[in-house]
Amino acid sequence: NDISMHYASGADVYSMTDIFQDARRAIWKEAIENRNVNSYRRNLQRNHLALLIDMVTRKQSPLLPDDAITLARNDLRTIKGALQSAINSGNLNTISASHYRDSIAKIDAAMEASINMEI
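Quick notes on the rules
- Residues numbered from 1 in each chain as written.
- Predicted model: local features only at pLDDT ≥ 70, side-chain atom pairs only at ≥ 80, totals over all residues.
- Heavy atoms only, no water.
- Helix = DSSP H or I, 4+ residues; strand = E, 2+ residues; numbered from the N terminus.
- Buried < 20%, exposed > 50% of the residue type's maximum accessible area, 1.4 Å probe, protein only.
- Contact = heavy atoms within 4.5 Å.
- Salt bridge = Lys/Arg side-chain N within 4 Å of Asp/Glu carboxyl O.
- Core = buried A, V, L, I, M, F, W, Y, C linked by side-chain atoms within 4.5 Å.

Undergrad: Can you help me understand the overall build of the chain in this one?
TA: Within the chain, the secondary structure is distributed over five helices and zero strands. Put simply, the chain runs from its N terminus to its C terminus through helices and strands in the order α-α-α-α-α. Counting across all 119 residues of the chain, residues that qualify as buried make up 35%. Within the chain, contacts between residues separated by at least 24 positions form 60% of all contacts whose residues are at least 6 apart in sequence.

Okay, structure coming up:
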């Protein structure tokens, strides 16, 4: 169900896409900016990653709209790209680089699992 259909053309609508993008950019800003991440933010990122993974592997409510699952999968791809860029930048300390590598491994496993579930 597309929220924009419920509003007049040109209305300022905060869409599901906007929600996913804004959350991703806020939670993963260190990776996007090739910076180290502190322990509090690493835990926030782990929780966000777990939520997205649960969505794409359908461990979340079966009532989730398909568009939410599609956006979660897109977020995982986008986050993986940011993490890989941050690692390749050479700007990270050991714990941040390790956290990013661990996150990439979780994303890869989740994407593989979600593809296998759809076959």
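Undergrad: What's the story with the pattern of salt bridges in this structure? I'm lost.
TA: When charged atoms on two side chains of opposite charge get close, those side chains can pair. The tally for this structure, following the rule as stated, stands at six salt bridges. One salt bridge connects Glu 30 with Arg 41, and the closest N-O pair in it is separated by 2.7 Å. Of this pair, Glu 30 sits in helix α2 (residues 29-32) while Arg 41 sits in helix α3 (residues 39-56), and the two are eleven residues apart along the sequence. Judged by its relative accessible area of 18%, Arg 41 falls in the buried class. Residues Lys 80 and Asp 108 are paired through a salt bridge, measuring 2.6 Å at the closest nitrogen-oxygen approach. Pair noted here: Lys 80 is in helix α4 (residues 66-89) and Asp 108 is in helix α5 (residues 94-118), with a separation of 28 residues, a long-range link. A residue is classified by how much of its surface remains accessible, and Asp 108, at 35% relative accessible area, is partly exposed.

Undergrad: Explain the nonpolar core here, please?
TA: Most often, soluble globular proteins keep nonpolar side chains buried together rather than apart. Within the largest apolar cluster, 26 residues are counted, with the highest numbers of intra-cluster contacts made by Phe 20, Leu 52, Leu 76, Leu 83, Tyr 100 and Ile 107. Of all elements in the fold, only α1 (16-27), α3, α4 and α5 reach the threshold of two or more residues within this core. Counting residues per element, this core draws most heavily on α4, which supplies nine residues. When near neighbours in sequence (up to four residues on either side) are disregarded, Leu 52 contacts Phe 20, Ala 72, Asp 75, Leu 76 and Ile 79.

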